[in-house]
Amino acid sequence: IHGAPTLKSGPIGGTGLMPGSPVNPGIYCADWGRWQPVGPNYGPYNQSPQPTGIGRISGVAFDPKDTNTIFALAPQGGVWKSKDYGKAWKHLWNAGTNNAFVTLGASSMVLSYNNPDTLYIGTGDRDAGDAPGYGVIYSINGGTTFSARNTGMGNVTVSKILMHPKNSAILLAATNSGIFRSTNS
């Protein structure tokens, strides 16, 4: 085409990358958008013939007052907590010892900005249905113990929980049965 720009073979935008030549992401990565694994890197016995591992991670949450504390959610492996920004992880869900649930799939979580030891967890596997939904469960002690907080919604799978930005008692939960609202969470 007359007047069309001439395409030249060479590095893209001064990056050293050549068009059509795949580069291992571990070798080249721009200064922004760099990702590093932080765990969890082991998993509990998974009660299936599949190898034990961490499986899928369905969500993460940060403590709003302590940036070193992060949580990882697994669709059939429960909730994991790290207090050192991912160097070490503790499994918060030990069936039968600190809770009334046999297994836990966790899809969403929100921490109270007034008291980060108050955790609300949306249960169930929202993607594959591998774990049943128990609605919302919560902990008032940073995940040491949990109890149901699902009056009016019952045992549904909760894919997302949001906390009102100015009133921590108001929660919205997106579930497989619609959207639910609590004003006294």
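This text goes with the structure placed above it.
The following refers to the structure shown. (Residues numbered from 1 in each chain as written. Predicted model: local features only at pLDDT ≥ 70, side-chain atom pairs only at ≥ 80, totals over all residues. Heavy atoms only, no water.)

1. Here we look at the pairing of strand E11 (residues 178-182)
Using the following cut-off: For two strands to be treated as a pair, DSSP must find no fewer than two bridges joining them. Segments assigned H or I by DSSP are reported as helices when at least four residues long, segments assigned E as strands when at least two residues long, and all are numbered from the N terminus.
Bridging between strand E10 (residues 171-175) and E11 involves five bridges; their strand directions are antiparallel. Along E11, the bridge assignment pairs Leu172 with Arg181. Taking the residues between adjacent antiparallel strands as the criterion, E10 and E11 are bridged by two residues.

2. Quick notes on a nonpolar patch on the surface
The cut-off we apply is this: Put simply, a patch holds well-exposed residues, over 30% relative accessible area, that have no salt bridge, with like charges counted together within 9 Å and Val, Leu, Ile, Met, Phe, Trp or Tyr side chains within 5 Å. Here the open area of atoms and residues is found with the Shrake-Rupley method and a 1.4 Å probe, where only the protein chains shown may cover a residue. One side-chain nitrogen of Lys or Arg within 4 Å of one carboxyl oxygen of Asp or Glu is enough to make a salt bridge.
Side chains of Leu162, Leu172 and Ile179 sit close together on the surface and give an oily, nonpolar patch of about 300 Å² of accessible area. Examined against the element boundaries, Leu172 turns out to sit in strand E10.

3. Observations concerning the sheet that holds strand E3 (residues 78-82)
One open sheet holds the four strands; their spatial order is E1-E2-E3-E4, and the pairing between them is antiparallel. The sheet is open, and its two borders are formed by strand E1 (59-62) and strand E4 (90-91), each paired with just one other strand.

4. A closer look at the side chain of Ser168
Rule in force here: The classification of residues rests on relative accessible area computed with a 1.4 Å probe and restricted to protein chains. Under 20% of the type maximum is buried, over 50% is exposed, and intermediate values are partly exposed. What qualifies as a polar contact is a pair of N or O atoms within 3.5 Å, subject to a donor-acceptor requirement within protein and to the restriction that residues adjacent in sequence count only when both atoms come from side chains. Residues count as neighbours in contact if any of their non-hydrogen atoms are within 4.5 Å of one another.
Note that Ser168 resides in the loop between strand E9 (158-163) and E10. By relative accessible area, Ser168 is classed as buried at 17%. Within the structure, Ser168 has its side chain in polar contact with the side chain of Asn114 (distance 2.8 Å). Excluding residues that lie within four positions of it along the chain, Ser168 makes contacts with Ser112, Tyr113, Asn114, Met163 and Ser185.

5. A short note on the packing of aromatic side chains
For the record, the criterion: Ring pairs are drawn from Phe, Tyr and Trp, using the six-membered ring of Trp, whenever the two centres fall within 6.5 Å, and their geometry is named by plane angle: stacked under 30 degrees, edge-to-face over 60, tilted for the rest. Ring-over charges, as used throughout, are those where CZ of Arg or NZ of Lys falls within 6 Å of the ring centre and within 35 degrees of the ring normal.
Applying the stated criterion across every chain, the model contains one aromatic pair. Positioned above the aromatic ring of Tyr138 is the side chain of Arg149, whose terminal nitrogen or guanidinium carbon lies 4.1 Å from the ring centre.

6. Description of the sheet that holds strand E6 (residues 119-123)
Taken together, the four strands give an open sheet; going across it, the order is E5-E6-E7-E8, and neighbouring strands pair in antiparallel fashion. With one partner strand each, in any of the chains shown, strand E5 (106-111) and strand E8 (147-148) form the two edges of the open sheet. As paired elements, strand E7 (residues 136-139) and E8 share two bridges and run antiparallel to each other. Bridge assignment links Ile137 to a residue of E8, and that residue is Ala148.

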